[in-house]
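Observations on chain architecture
One-letter residues, chain by chain:
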Amino acid sequence: MGVDIIWLMPIHPIGELHRKGSLGSYYSVKDFKGINPDFGSLADFKNLVNKIHTMGMYVLIDWVGNHSAWDNPLAQQHPDWYTQTREGKFQPTPWYDWDDVIDFDYNNPDLRIYMTDALKYWVSQTNIDGYRCDVAGFIPVDFWENARAELDEIKPVFMLAEWESRDLYKKSFDMTYSWTLWDKLKQATMEKKGAPALFEYMAHDVNSFPFDSYRMTFTDNHDKNSWEGNQFSNFGDGLEAAMVLCSTINGMPLVYSGQEAGLNRSLAFFEKDPIEWKNHKFALMYEKLFTLKHNNQALWNGKWGGEMERVTNDKMNKILSFYREKNGDAVLTVINFSDQDAEVKLDSKYLRNSYRELFSGSPFIISQDKTPLKLKAWDYMVFIKNK
């Protein structure tokens, strides 16, 4: 499909004390330098990393730095590394119902040293390429900045924060989650608020985030899937429109396990719940979109890609249209975020050229200031400028 990075959710042994469900949460880590025996051995993991690399991809592992399992040996060896209640007892992260974990205290410099060394261990010993960092905003920024510097001394790494904040880009992270985009896409589709639901997100992305920042865009991930429904229930008939937007705006799209196989249910979080792998049209959609993203500089990430330019039209309550251009490459995306067919005229004075539509392969010429288009309900078109 053109996937470049494999992100593995936590691979470590899972705590047993206060475990949820029969298998527990992989975010309840019993040993930060261990491998869950259900997945194999350290040698097996090294072989997997090597295989991913030989296939031209990178690998990130999930890092749970905010908390540990109750029965992680650190709790007995270093109880002062954890936050405590007034009674001097361990506690889950305050205000959350994460009863199967206990909260670290990053005011302790020895904890910082330990966690930094553990991060360095996986890079130096298994040759992974970076981390997806769980609830990154709950951990002090200066910890991440120091850890990133020490990791980069081993090899250049890629860091993804499960958070949405500008300060994390300064020295520590390459990419953050686009949680806001998911919320706005749900409003645009299931809540029938149409294209205007997305305008604020587009404005903030262009105007408030650093030009060299990456955003991770998605229509599903393990949190959304397990707790808030699946890709079909969350976006309904607008799912494909949402997929196309996530793959053509600024950012790096995520494919959650099984999406390409048409995953249409929530996976059990604390149980073994195998995905049914099968051929599905979404795999071909992703392949087309990701091939375009690789080959067309307009869709590259951050400052290496083209800025999203708003293309106004006469159906702004339904149609989202934008243009991206970089080094002669250009892409025009037009999406109908409504359940009604629409005839729309694009303000295309500065877009005159010949194009090819990505999904149909049909030629298209923009030769006038007000270009007419017809889109069916929830339809989308991605026009690639001919060189």
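Since we're looking at a predicted model, the values are computed, not measured. (Residues numbered from 1 in each chain as written. Predicted model: local features only at pLDDT ≥ 70, side-chain atom pairs only at ≥ 80, totals over all residues. Heavy atoms only, no water.)

1. What to know about the nonpolar core
By size, the foremost hydrophobic cluster in this structure holds 94 residues, and its most contacted members are Trp63, Tyr131, Trp144, Leu245 and Phe337. Ranked by the residues each element gives to this core, the list is headed by helix H9 (residues 239-248), at seven residues. In this structure, Trp63 is in contact with His12, Phe32, Met115, Ala118, Leu119, Trp122, Tyr131, Arg132, Cys133, Asp134 and Trp144, ignoring residues within four places of it in sequence. Core analysis: the next-biggest nonpolar cluster, separate from the first, contains 17 residues, Ala330, Ile366, Met381 and Phe383 among them. (Core = buried A, V, L, I, M, F, W, Y, C linked by side-chain atoms within 4.5 Å. Buried < 20%, exposed > 50% of the residue type's maximum accessible area, 1.4 Å probe, protein only. Helix = DSSP H or I, 4+ residues; strand = E, 2+ residues; numbered from the N terminus. Contact = heavy atoms within 4.5 Å.)

2. Let's talk about the packing of helix H1 (residues 42-54) against helix H3 (residues 109-126)
Taken N-terminus to C-terminus, the directions of H1 and H3 make an angle of 70 degrees; their axes are 10 Å apart at the nearest point. In terms of orientation, H1 lies roughly perpendicular with respect to H3. Contact residues: Leu42, Phe45, Lys46 and Val49 in H1; Tyr121, Trp122, Gln125 and Thr126 in H3. Here the residues of the contact of H1 with H3 sort into five nonpolar, two polar and one charged. (Axes fitted to C-alpha atoms, helices over the stretch in contact; angles between N-to-C directions. Parallel < 35°, antiparallel > 145°, perpendicular 65-115°, else oblique. Nonpolar A, V, L, I, M, F, W, Y, C, P; charged D, E, K, R; others polar.)

3. Topic: the UniProt feature "domain: Glycosyl hydrolase family 13 catalytic" (unreviewed entry) in the protein chain
Per the UniProt record, "domain: Glycosyl hydrolase family 13 catalytic" (unreviewed entry) is annotated on residues 1-293. Span residues 1-293 is 37% helix and 11% strand, its end C-alpha atoms 11 Å apart. (UniProt positions renumbered as here; feature names shortened; annotations may be inferred.)

4. Notes on the pattern of salt bridges
According to the stated counting rule, one finds 24 salt bridges in the structure shown. Residues Glu162 and Arg132 are paired through a salt bridge, measuring 3.4 Å at the closest nitrogen-oxygen approach. Residue Glu162 is located in the loop between strand S6 (158-161) and strand S7 (175-177), and its partner Arg132 is located in strand S5 (residues 130-133); the two are separated by 30 residues in the primary sequence. The exposure classification of Glu162 matches that of Arg132, with both residues buried. As a salt-bridge pair, Glu191 and Lys193 come within 3.8 Å of each other at their nearest N and O atoms. What you see here is one network of salt bridges that share partners, running through Asp62, Arg132, Asp134 and Glu162. (Salt bridge = Lys/Arg side-chain N within 4 Å of Asp/Glu carboxyl O.)

5. What to know about the side chain of Ser247
Examined against the element boundaries, Ser247 turns out to sit in helix H9. Note on Ser247: relative accessible area 1%, which makes it buried. With near-sequence residues (within four places) excluded, Ser247 lies in contact with Pro253, Leu289, Phe290, Lys293 and Leu299.

6. Remarks on the sheet that holds strand S11 (residues 319-326)
Taken in spatial order, the six strands line up as S10-S11-S12-S17-S14-S15 in an open sheet, and their pairing is antiparallel. Here the strands that pair on one side only, and so sit at the sheet edges, are strand S10 (309-310) and strand S15 (363-366). Judged from the two bridges that link them, S10 and S11 form a sheet pairing that is antiparallel. Looking at S11, one finds that Glu309 is bridged to Tyr323. (Pairing = 2+ DSSP bridges.)

7. Description of the pairing of S15
Burial along S15 is one-sided: Phe364 and Ile366 are buried, while Pro363 and Ile365, pointing the other way, are not. As paired elements, strand S14 (residues 353-357) and S15 share four bridges and run antiparallel to each other. In the strand pairing of S15, Asn353 is matched with Ile366. The loop that links S14 with its antiparallel partner S15 comprises five residues; one of these, Gly361, has a positive phi angle of about 75 degrees.

8. Re the environment of Lys278
Positionally, Lys278 belongs in the loop between strand S9 (252-253) and helix H10 (281-295). What makes Lys278 partly exposed here is its relative accessible area of 39%. Here the alpha-carbon distance between Lys278 and Met216, two residues 62 residues apart in the chain, equals 26 Å. Among all residues touching Lys278, those that are not within four sequence positions of it are Ala261 and Gly262. A polar contact of 2.9 Å, which involves the side chain of Lys278, links it to the backbone oxygen of Ala261. (Polar contact = N/O pair within 3.5 Å; in protein donor to acceptor, adjacent residues only side chain to side chain.)

9. Points about the packing of aromatic side chains
Enumeration according to the criterion identifies 32 aromatic pairs in this entry. For the ring pair Phe32 and Trp63, a centre distance of 5.4 Å and an interplane angle of 45 degrees mean the geometry is tilted. Separated by 31 residues along the polypeptide, Phe32 in the loop between strand S1 (5-8) and H1 and Trp63 in strand S2 (residues 58-63) bring together distant segments of the chain. Classification of Phe32 by relative accessible area gives buried; the value is 0%. Judged by its relative accessible area of 0%, Trp63 falls in the buried class. Taken together, a centroid distance of 5.9 Å and an interplanar angle of 50 degrees make the contact between Phe158 and Tyr214 tilted. Residue Phe158 is located in strand S6, and its partner Tyr214 is located in strand S8 (residues 214-217); the two are separated by 56 residues in the primary sequence. Across the pair, Tyr214 and Phe158 agree in class, each one buried. Here the aromatic residues Phe32, Trp63, Tyr82, Phe90, Phe104, Tyr106, Tyr131, Phe143, Trp144 and Phe173 are joined through ring pairs into a cluster of three or more. The ring of Trp182 has Lys224 lying over it, and the distance from NZ or CZ to the ring centre is 4.0 Å. (Phe/Tyr/Trp six-rings, centres within 6.5 Å; stacked < 30°, edge-to-face > 60°. Lys NZ or Arg CZ within 6 Å of the ring centre and 35° of its normal.)

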